[in-house]
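Spelled out from the first residue to the last, the chains are:
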Amino acid sequence: QVQLVESGGGLVQAGGSLRLSCAASGRTYSGYAMGWFRQAPGKEREIVSAISWSGVITYYSDSVKGRFTISRDNAKNTVYLQMNSLKPEDTAVYYCALRSSLTGDYRSFQQWPYWGQGTQVTVSS
């Protein structure tokens, strides 16, 4: 069993920044990948970013590329999402997720077995 605990969500004005954190505990895989997804009301859950165990492989959706940065601290079993230049369209519930590796169809939320509780990010105009 894997437990993911998120923090860092909140309300920010357009152009501002937030940093989300997600700490993994329990029986994690060796060399696991982690990712961030988001879901706005009435929309499907979509991938935002993902990172391999080593950090060599990263993925960003086109909508956040150049503004968001994913990173991880394996000594703390924690993944971060630094969000800069936030826009109102970034408003959503953000979820962290964990899977064994960053291979296959990892862009689909259905391919990630472990999830955090979600944290609300609201960007005002």
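Note: the structure precedes this text.
Residues numbered from 1 in each chain as written. Predicted model: local features only at pLDDT ≥ 70, side-chain atom pairs only at ≥ 80, totals over all residues. Heavy atoms only, no water.

**Remarks on the pattern of salt bridges**
Side-chain pairs of opposite charge can arise whenever the charged atoms involved come near each other.
Part 1 of the argument: Considering all chains together, one arrives at 4 salt bridges under this definition.
Part 2 of the argument: The partner of D90 in a salt bridge is R38, and the shortest N-O contact between them spans 3.0 Å. With D90 in the loop between strand 8 (78-83) and strand 9 (92-99) and R38 in strand 4 (residues 33-39), the pair connects residues that are 52 residues apart, well separated along the chain.
Part 3 of the argument: Residue classification places D90 among the buried positions, given a relative accessible area of 0%.
Part 4 of the argument: For R38, a relative accessible area of 6% gives the class buried.
Part 5 of the argument: Its salt-bridge partner being K65, residue D62 comes within 3.6 Å of it at the nearest N-O pair.
Part 6 of the argument: Using a relative accessible area of 69% as the deciding quantity, one classes D62 as exposed.
Part 7 of the argument: For K65, a relative accessible area of 52% puts it in the exposed group.
Part 8 of the argument: In the salt-bridge network here, residues are joined through shared partners; they are R38, E46, R67 and D90. (Salt bridge = Lys/Arg side-chain N within 4 Å of Asp/Glu carboxyl O. Helix = DSSP H or I, 4+ residues; strand = E, 2+ residues; numbered from the N terminus. Buried < 20%, exposed > 50% of the residue type's maximum accessible area, 1.4 Å probe, protein only.)

**Considerations on the sheet that holds strand 1 (residues 2-7)**
Part 1 of the argument: Strand order across the open sheet formed by 4 strands is 1-3-8-7, with antiparallel pairing between neighbours. Each edge of the open sheet carries a strand with a single partner, namely strand 1 and strand 7 (68-73). Strand-to-strand twist in this sheet, taken as the mean axis angle between neighbours without regard to direction, amounts to 15 degrees.
Part 2 of the argument: Summarising the sheet, strand 7 and strand 8 pair through 6 bridges and their orientation is antiparallel. When the sheet's bridge partners are listed, S71 is paired in strand 8 with Y80. (Pairing = 2+ DSSP bridges. Axes fitted to C-alpha atoms, helices over the stretch in contact; angles between N-to-C directions.)

**So, the state of the cysteines**
Part 1 of the argument: Going through the model one piece at a time under the given rule, you end up with 1 disulfide.
Part 2 of the argument: What pairs with C22 in a disulfide is C96, and their sulfur atoms sit 2.0 Å apart. Residues C22 and C96 share a disulfide whose torsion about the S-S bond is about 40 degrees; that sign makes it right-handed. Note that C22 is positioned in strand 3 (residues 18-26) and C96 in strand 9, a separation of 74 residues in sequence. Just as C22 is buried, C96 falls in that class too. (Disulfide = S-S within 2.5 Å.)

**Considering the nonpolar core**
Part 1 of the argument: Ranked by size, the top nonpolar core spans 26 residues in total, and within it L4, M34, W36, F68, L81, M83 and Y94 carry the most contacts.
Part 2 of the argument: Elements with a contribution of two residues or more to this core: strand 1, strand 3, strand 4, strand 5 (46-51), strand 7, strand 8, strand 9 and strand 11 (119-124).
Part 3 of the argument: Look past the residues within four positions of Y94 in its chain and what remains in contact with it is E6, L20, F37, R38, V48, F68, L81, M83, G118, T119 and V121.
Part 4 of the argument: A33, F37, I47 and W112 belong to the second-largest nonpolar core, a separate cluster that totals 9 residues. (Core = buried A, V, L, I, M, F, W, Y, C linked by side-chain atoms within 4.5 Å. Contact = heavy atoms within 4.5 Å.)

**Focus: the environment of I70**
Part 1 of the argument: Here I70 is to be found in strand 7.
Part 2 of the argument: Note on I70: relative accessible area 5%, which makes it buried.
Part 3 of the argument: Measuring from C-alpha to C-alpha, the distance between I70 and Y80 comes to 5.7 Å, with 10 residues separating the pair along the chain.

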